[in-house]
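Overview (structure and organization)
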Amino acid sequence: MSGPVGRNFPRLSQSEGRTSARVANWAVIGIFLILAFAAVAAGRDFLMPVTMALLLFFVFTPLRRFAERRGVPDVVTATVVTLGIFALVAIIAYAASGPINRAAANIPGISSQLDRKFQAVRESISDFRKAAEEIEKAQVVEDEEAAPTIKVERDSESPIETAIKLTPQLVGQVLFTLILMFFMISSGDLLYLKIVQSFDTMRDKRTAYLALREIEDSLGSYLGAITVINACLGLAVGMAMWAWGMPGPLLFGVGAFLLNFIPYLGAITGVAISGVVALVVMPGLFWPAMVAGTYLALTSLEGQLITPYFVSRRLQMNAVVVFLAVALWAWLWSVIGMVIAVPVLVVLRVLAEHLPGWEKFGNFLAGEHPPALEDEDEGEARDIVEAGAPAEDEDAARAATRPLVASEAAAEPADGATRA
């Protein structure tokens, strides 16, 4: 029986078997990634505060170690850090509550002023709107003739009501983050010890410990520099809004400080908010455009000159990767995901330098000056890219890079003879 059955199924050659195994491995990896993303999205209410607490633990561990060398107990350091963050959050919330409450109370007046501002724009597109309404009425008539009418009542909530409902959940996550961070800092090096103990050889233990120390150094350097830069940007934006006569310049400064932790999208949001508020309080369209342009100029100056100068080149990331990471984490965890996107990339960058086989992944995450790869001559890669850059199409690029391959092929026999 085994003979006929075996003849019905053709055997794969050795190369085809390796290809099938490789495809199967990638299929398993793809399924794992899909399930992992689904799990991260489903567990956002728990994973968000845990991730924030872990990042804050790495940031404040050097401070705890500094205080420990001077005889300060870890519990005292954890208490001071936790209460300090809680006080900072409370101060920011209190400073923002007044302008937000006044804006919420003036929503009807703000809406009417915006309506008057855009009345001319609406009149210019009135013909298109009428055509769209006629098309919509025709579709409604066809739908009513095709199926019975079912009325569904929907409860519409204002953004203020939605924010009020989400406030208890946000407060709970902040408290959970601070409490978990307190326990992690007060435990000293216990977390490091448990991670290092999971490895077998002394070499692996040392590599793991050095990776943890590099993560805390990198996160501390990055977030420390970014926090100082964002504070200066918030001060500059607040003073600029005060100079323009905008209402609530303090709120604009605090908003610029917080929004700038979100790469790219935070600056765009700040420009849009300043422009909309200026439309309400200033006449015409020119002066609101100047206010939004001032905000854009300050954030552009920070993003293009100040941050690249003060942030270590070793911590700079590929701009495309950063944007995709921010979009991905925004899809998974909303605003908090956008805030932690870059710190998570910093951690992955450090891990890629210590994990075998992750060197190319770390090189992909790097910015303009990626680290040299041990298993690949970085100079050759740059030569190929620079030689093919002026080419207009694929054929020209093939011709431009052909001499590089030919020179390498000509050098291989000489190297072989030398080794022999």
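All values derive from a computational prediction rather than experimental measurement.

As for the pattern of salt bridges
All chains considered together, the criterion is met by 7 salt bridges. The closest approach of N and O atoms between Arg 349 and Glu 353, which form a salt bridge, is 3.8 Å. Taken together, the residues span about one helical turn, with Arg 349 and Glu 353 both in helix α14 (residues 319-354) at a distance of 4 residues. In this structure, a network of salt bridges that share partners links the residues Arg 64, Arg 65, Glu 68, Asp 74, Asp 189, Arg 213 and Glu 216.

Details of the packing of helix α10 (residues 202-243) against α14
Working note: a packed helix pair is described by the angle between its axes plus the distance between those axes. Where α10 meets α14, the axes come as close as 9 Å, and the angle between the chain directions of the two elements is 150°. For the element pair α10 and α14, the recorded crossing hand is right-handed. Contacts from Thr 207, Leu 210, Ala 211, Glu 214, Ile 215, Ser 218, Leu 219, Tyr 222 and Leu 223 in α10 reach Val 342, Pro 343, Val 346, Val 347, Val 350, Leu 351, Glu 353 and His 354 in α14. Residue composition of the contact of α10 with α14, grouped by class: 12 nonpolar, 3 polar and 2 charged.

Overview of the nonpolar core
Soluble globular proteins tend to pack their nonpolar side chains together in the buried interior. Phe 58, Met 181, Leu 219, Tyr 222, Trp 329 and Leu 345 are the most contacted members of the largest nonpolar core, which has 41 residues in total. If you list the elements that add at least two residues to this core, you get α3 (44-69), α4 (74-105), α8 (159-186), α10 and α14. It is α14 that provides the largest number of residues to this core, a total of 16 residues. Residues in contact with Met 181, not counting those within four places in the same chain, are Ala 53, Leu 56, Phe 57, Phe 60, Val 81, Thr 82 and Ile 85.

Examining the packing of aromatic side chains
Taken as a whole and judged by the stated rule, the model has 11 aromatic pairs. Put simply, the rings of Phe 57, Phe 58, Tyr 192 and Tyr 209 pair up and form one aromatic cluster.

Examining helix α13 (residues 286-310)
In a regular helix each residue adds 1.5 Å, so 25 residues correspond to 36 Å; α13 covers 35 Å between its end C-alpha atoms and thus fits that length. In the structure, α13 departs most strongly from a straight axis at Glu 302, where the bend amounts to approximately 35°. Residues of α13 that are buried: Pro 288, Val 291, Ala 292, Thr 294, Tyr 295, Thr 299, Glu 302 and Thr 307. Those residues of α13 hidden inside the fold are in contact with α10, α11 (249-259) and α12 (265-281).

Points about the environment of Ile 229
Mapped onto the elements of the fold, Ile 229 is located in helix α10. The spacing of Ile 229 and Val 311 is 82 residues in sequence and 9.7 Å in space, taken between C-alpha atoms. Contacts of Ile 229, omitting those with residues within four sequence positions, involve Glu 302, Ile 306, Thr 307 and Phe 310.

Focus: the side chain of Arg 65
Tracing the backbone shows Arg 65 in helix α3. A residue is classified by how much of its surface remains accessible, and Arg 65, at 10% relative accessible area, is buried. Of note is the side chain of Arg 65, whose polar atom sits 2.6 Å from the side chain of Glu 216.

Here we look at the UniProt feature "transmembrane region" (unreviewed entry) in the protein chain
On the UniProt side, "transmembrane region" (unreviewed entry) is annotated at positions that read residues 21-40, 46-63, 75-96, 174-193, 222-244 and 318-351 here. Taken as a whole, residues 46-63 contains 100% helix and 0% strand, while its terminal C-alpha atoms sit 27 Å from one another. Helix and strand shares over residues 75-96 are 100% and 0% respectively, and the end C-alpha atoms of the span are 32 Å apart.

Conventions and cut-offs
Residues numbered from 1 in each chain as written. Predicted model: local features only at pLDDT ≥ 70, side-chain atom pairs only at ≥ 80, totals over all residues. Heavy atoms only, no water. Salt bridge = Lys/Arg side-chain N within 4 Å of Asp/Glu carboxyl O. Helix = DSSP H or I, 4+ residues; strand = E, 2+ residues; numbered from the N terminus. Axes fitted to C-alpha atoms, helices over the stretch in contact; angles between N-to-C directions. Left-handed = near helix turned anticlockwise from the far one by under 90°. Contact = heavy atoms within 4.5 Å. Nonpolar A, V, L, I, M, F, W, Y, C, P; charged D, E, K, R; others polar. Core = buried A, V, L, I, M, F, W, Y, C linked by side-chain atoms within 4.5 Å. Buried < 20%, exposed > 50% of the residue type's maximum accessible area, 1.4 Å probe, protein only. Phe/Tyr/Trp six-rings, centres within 6.5 Å; stacked < 30°, edge-to-face > 60°. Expected span 1.5 Å × (residues − 1). Bend = angle between axes of the 7 residues up to and from the residue. Polar contact = N/O pair within 3.5 Å; in protein donor to acceptor, adjacent residues only side chain to side chain. UniProt positions renumbered as here; feature names shortened; annotations may be inferred.

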